[in-house]
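Here is how the chains run, residue by residue.
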Amino acid sequence: MNILLDVSQTAARLPWAPLVDEIEALLTDPSVQVPPRIVLPLAGGGSLFAMPGCDARTAMTKLITFTPANVGTPTPTIQGDVTVFDIASGTRTLILDGPTVTGRRTAAVSALGARWLAPNLQGPMLIVGAGVQGQAHVEVFAAALGVKQFRIASRRRASAEALAAHAQGLGLQAEVVDDADAALADCPLVATCTPASGVVLRAQPRADAFIAAVGAFTPKMVELAPELCRAIAEQGRIVVDSRDAEHEAGDLLQAGLDVTAMPALVDVVSAQQKARDARGPMLFKSCGWAGWDLAAARLAAKTVSG
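Note that the structure is predicted; figures quoted are calculated from it, not measured.

**Description of the overall build of the protein**
Then comes step 1: Helix and strand counts for the protein stand at 10 helices and 14 strands.
Then comes step 2: A compact globule built from 306 residues would reach a C-alpha radius of gyration of about 19 Å, and the protein, at 18 Å, matches this within 12%.
Then comes step 3: Dimensions of the protein along its principal axes, counting C-alpha atoms only, are 55 × 40 × 40 Å.
Then comes step 4: The buried share of the protein, reckoned over its 306 residues, is 52%.
Then comes step 5: Contacts in the protein between residues at least 24 apart in sequence constitute 67% of all its contacts with a sequence separation of at least 6.

See the structure below:
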């Protein structure tokens, strides 16, 4: 059996709807162990991430580099692998493409957050950023949640048009918008998927809005204006993807908010408290967690064994 999977082989083992379900299942699995990830700064502004995790049957480690200088070049900003082991035998069973796992599990976590937290899943959905994560969010929100209409905003119009064309090729309605802030009035679903080198949203969202902010995963990165984050904290609710966000959620930290007081997604799922009737906008701040990679590893292992 080939254990080294390329991009397409990795994606094939991580179909959207089952991946969302696997992530949800992981949150209620008491055998899951995920230590804090190690982030090693590299010369030139890059970082090396080591992210292990295990449950009763599967162990994995994601080892990737993040290189911001690669934005806008043919070289990916995220490179590396996810190595999967069978705990009973200690055997290495799979090596998954790291960027593919990262891209798919990040978008799937946003979809799971929306499943539990979004007051209105009808769309249209505003996608800010037309790169890998922008595409992944279009695909997962369509496949797992049935969203059919999208608005695409990007600093590069050609990229936005390419993503809109991709969505249309999937049978979805999609159009390019020039002003992301203005589009908030029409979109109850929002995902910010940018390199997080500067603020991309400032305007007040709808009262029934759900915003998944995924681009900023270090204290210095930002996508949402501080005043926007503070307004949502006052008028609605903020949930983080994991406790790692307490020291990594740049949007919230730069807004001066107490991230330690905010619930994590596991708290929402464990309490079985959907927020369909909550008042005010919902912000789901995602920074990444090795548990999400473990969920992907579990699903890939099941797909292979099946």
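**Overview of the sheet that holds strand β6 (residues 125-128)**
Then comes step 1: Strand order in the open sheet formed by seven strands is β8-β7-β6-β9-β11-β14-β13, with parallel pairing between adjacent strands. Both outer strands of the open sheet, β8 (173-176) and β13 (237-240), are each paired with one neighbouring strand and no more. This sheet shows a mean twist of 15° between the axes of neighbouring strands, independent of strand direction.
Then comes step 2: Both strand β7 (residues 149-153) and β8 contribute to a ladder of four bridges, which runs parallel. Following the sheet pairing, isoleucine 152 is matched in β8 by valine 176.
Then comes step 3: Each of β6, β7 and β8 is contacted by helix α5 (residues 157-169), which is oriented at about 170° to β8, the strand it contacts most.

**Some details on the packing of helix α2 (residues 16-26) against helix α3 (residues 98-117)**
Then comes step 1: In contact at an axis separation of 9 Å, α2 and α3 are set at 70° when each is read in the N-to-C sense. Classed by the angle they form, the pair α2 and α3 counts as roughly perpendicular. Contacts between α2 and α3 involve Trp16, Leu19, Val20, Asp21, Ile23 and Glu24 from the former and Arg104, Arg105, Ala107, Ala108, Val109, Ala111, Leu112, Arg115 and Trp116 from the latter.
Then comes step 2: The residue inventory of the contact of α2 with α3, partitioned by class, reads 10 nonpolar, no polar and five charged.

**Details of the sheet that holds strand β4 (residues 78-86)**
Then comes step 1: The strand order β1-β2-β3-β4-β5 describes an open sheet built from five strands, whose pairing is antiparallel. At either end of the open sheet lies a strand with only one pairing partner, and these are β1 (38-41) and β5 (92-97). Direction aside, neighbouring strands of the sheet carry axes that sit 15° apart on average.
Then comes step 2: Strand contacts of α3: β2 (47-54), β3 (58-66), β4 and β5, with the helix running at about 90° to β4, the strand carrying the most contacts.

**A word on the pattern of salt bridges**
Then comes step 1: Tallied over the full model, the rule gives 17 salt bridges.
Then comes step 2: Note that aspartate 293 and arginine 105 form a salt bridge whose closest N and O atoms lie 2.9 Å from each other. One end of the pair, aspartate 293, is in helix α10 (residues 290-305); the other, arginine 105, is in helix α3, with 188 residues separating them in the sequence.
Then comes step 3: Aspartate 293 gets classed as buried once you look at its relative accessible area, which sits at 0%.

**Focus: the packing of helix α4 (residues 132-145) against α5**
Then comes step 1: Between α4 and α5, the least distance of the axes is 10 Å, while the angle of their chain directions is 25°. The pairing of α4 with α5 is recorded here as roughly parallel in orientation. Between α4 and α5 lies a crossing whose hand is right-handed. Within the contact between the two elements, α4 uses Gly134, Gln135, Val138 and Glu139 and α5 uses Leu163, His166 and Ala167.
Then comes step 2: A per-class count over the contact of α4 with α5 returns three nonpolar, three polar and one charged.

**A closer look at the packing of aromatic side chains**
Geometrically, a pair of aromatic rings is defined through the distance of the ring centres and the angle of the planes.
Then comes step 1: Tallied over the full model, the rule gives four aromatic pairs.
Then comes step 2: Ring geometry for phenylalanine 66 against phenylalanine 217: centres 4.9 Å apart, planes inclined by 70°, an arrangement best described as edge-to-face. Here phenylalanine 217 lies in the loop between β11 (210-213) and β12 (222-224) and phenylalanine 66 lies in strand β3, a separation of 151 residues in the sequence. Phenylalanine 217 matches phenylalanine 66 in its accessibility class, with the two residues each being buried.
Then comes step 3: Consider the rings of phenylalanine 210 and phenylalanine 284, whose centres lie 6.4 Å apart with planes at 20°: the pair is stacked. Here phenylalanine 210, found in strand β11, pairs with phenylalanine 284, found in strand β14 (residues 282-285); they are 74 residues apart in sequence, far enough to count as distant.
Then comes step 4: A relative accessible area of 0% places phenylalanine 284 in the buried class.
Then comes step 5: Counting every residue linked through ring pairs, the aromatic cluster contains Phe49, Phe66 and Phe217.

Rules behind the numbers
Residues numbered from 1 in each chain as written. Predicted model: local features only at pLDDT ≥ 70, side-chain atom pairs only at ≥ 80, totals over all residues. Heavy atoms only, no water. Helix = DSSP H or I, 4+ residues; strand = E, 2+ residues; numbered from the N terminus. Rg over C-alpha atoms; globule rule 2.2 N^0.38 Å. Buried < 20%, exposed > 50% of the residue type's maximum accessible area, 1.4 Å probe, protein only. Contact = heavy atoms within 4.5 Å. Pairing = 2+ DSSP bridges. Axes fitted to C-alpha atoms, helices over the stretch in contact; angles between N-to-C directions. Parallel < 35°, antiparallel > 145°, perpendicular 65-115°, else oblique. Nonpolar A, V, L, I, M, F, W, Y, C, P; charged D, E, K, R; others polar. Salt bridge = Lys/Arg side-chain N within 4 Å of Asp/Glu carboxyl O. Left-handed = near helix turned anticlockwise from the far one by under 90°. Phe/Tyr/Trp six-rings, centres within 6.5 Å; stacked < 30°, edge-to-face > 60°.

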